[in-house]
Amino acid sequence: MTGAPDLSDLLDEIEVIFFDFDGVILESNEVKIDAFKHMYAPYGEDVVKRVLQEHVRHEGVSRVVKLERFHREFLGIKLDPAGLDGLAQEYSNLVEDVVCGVDPVPGAMDMLAAWLDRAPMYVVSGTPQDELRRITDRRGLSGYFTAVFGSPRVKTDIVGTVLGEIGIAPARALFVGDSMTDHDAARAVGARFLGRVPGWRKNCFPDGTTVVEDMRPMIRAA
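What counts as what
Residues numbered from 1 in each chain as written. Predicted model: local features only at pLDDT ≥ 70, side-chain atom pairs only at ≥ 80, totals over all residues. Heavy atoms only, no water. Helix = DSSP H or I, 4+ residues; strand = E, 2+ residues; numbered from the N terminus. Rg over C-alpha atoms; globule rule 2.2 N^0.38 Å. Buried < 20%, exposed > 50% of the residue type's maximum accessible area, 1.4 Å probe, protein only. Contact = heavy atoms within 4.5 Å. Areas by Shrake-Rupley, 256 points an atom, 1.4 Å probe, with all protein chains shown as cover. Lys, Arg positive; Asp, Glu negative; His and termini not counted. Charge placed at Lys NZ, Arg CZ, Asp CG, Glu CD. Core = buried A, V, L, I, M, F, W, Y, C linked by side-chain atoms within 4.5 Å. Phe/Tyr/Trp six-rings, centres within 6.5 Å; stacked < 30°, edge-to-face > 60°. Lys NZ or Arg CZ within 6 Å of the ring centre and 35° of its normal.

K.L.:
Looking at this model, I keep getting lost on the overall build of the chain. Mind explaining?
P.N.:
In terms of helices and strands, the chain carries 10 helices and six strands. Relative to the compact-globule value of 17 Å for 222 residues, the chain shows a C-alpha radius of gyration of 17 Å, a close match. With respect to the principal axes defined by its C-alpha atoms, the chain has extents near 50 × 35 × 30 Å. Of all 222 residues assigned to the chain, the portion counted as buried reaches 49%. Here the analysis covers contacts within the chain between residues at least 6 apart in sequence; of these, 68% occur between residues at least 24 apart. Entry remark: accessible area of the chain is about 10300 Å², with carbon and sulfur atoms responsible for 50%. One finds the centroid of the 25 positive side-chain charges in the chain at a distance of 2 Å from the centroid of its 35 negative side-chain charges.

What follows is the structure, given as structure tokens:
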């Protein structure tokens, strides 16, 4: 993109890396799309279209936040806590086992191995934390990460808190993500940002953002 730093410059003197999970470590974004499509199909194609547009626009945001909003705005249904918990559990039932079987993003596993001894690495995702930790355990990924964080905490809070605890300046931190939620979290705390944009997907990031199609360039840069 116009004015974007080279990857080598972006990674220069990086001391900690934060990763989104879906679409950055595993190719699991389509699993989440299919789950929303399934859950809202009984309400008709127009509702499904609106739900999917907003889901993709706000990837990285907690599913609980989305489900509450989608029901309220698109269906005129105000969910009580029990109803929201039930929908969130239905969503989890649809996605967890499937995510455990999808392919890694190309280069992701070699990239994690290459950076393991160079910088502490964290997962920061909108997936519920307990579910996310089960998935990373089941996939044999937990050993790569210092910690795995998910919702209900928001990404800006997680990254800012971790940087304060480990004493690393935000300018020496990198956030790797595939959504504007990730981009905005990095900018809010002053961290660097690398966007993942697969070849089939439209680039949503502002001009000046360094992007890669997959994780293979980070292997070579390690």
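K.L.:
I'm lost on the nonpolar core in this one. Help?
P.N.:
Within soluble globular proteins, side chains that are nonpolar generally end up buried alongside one another. Core analysis: the biggest nonpolar cluster contains 51 residues, and F19, I25 and M218 have the highest contact counts within it. Setting aside its immediate chain neighbours within four residues, M218 contacts L7, L11, I17, M111, W115, L174, V176 and L194. One finds A147, A173, V189 and F193 within the second-largest nonpolar core, a separate group that totals 20 residues.

K.L.:
Can you walk me through the environment of R118 in this structure?
P.N.:
Tracing the chain through its elements places R118 in the loop between helix 6 (108-115) and strand 2 (121-128). When its relative accessible area of 47% is taken as the criterion, R118 is described as partly exposed. In this structure, the C-alpha to C-alpha distance between R118 and E15, residues 103 residues apart in sequence, is 7.7 Å.

K.L.:
Sorry, what's going on with the packing of aromatic side chains here?
P.N.:
To describe a pair of aromatic rings, you give the distance between the ring centres and the angle between the ring planes. Within this structure, the stated rule accounts for 10 aromatic pairs. With a centroid separation of 5.4 Å and 25° between ring planes, the pair formed by F18 and Y122 is classed as stacked. Here Y122 lies in strand 2 and F18 lies in strand 1 (residues 16-19), a separation of 104 residues in the sequence. Among the residues examined, F18 registers a relative accessible area of 0% and is labelled buried. Overall, the relative accessible area of 6% leaves Y122 in the buried class. Centre to centre, the rings of F70 and F74 are 5.5 Å apart; their planes meet at 15°, and the pair counts as stacked. Of this pair, F70 and F74 both sit in helix 4 (residues 63-75), separated by four residues, roughly a single helical turn. The residues F70 and F74 share a single accessibility class, namely buried. Among the aromatic residues, those joined into a cluster by ring pairs are F36, Y40, Y43, F70, F74 and Y91. Lying across the ring of W115, R118 places its NZ or CZ 4.4 Å from the centre.

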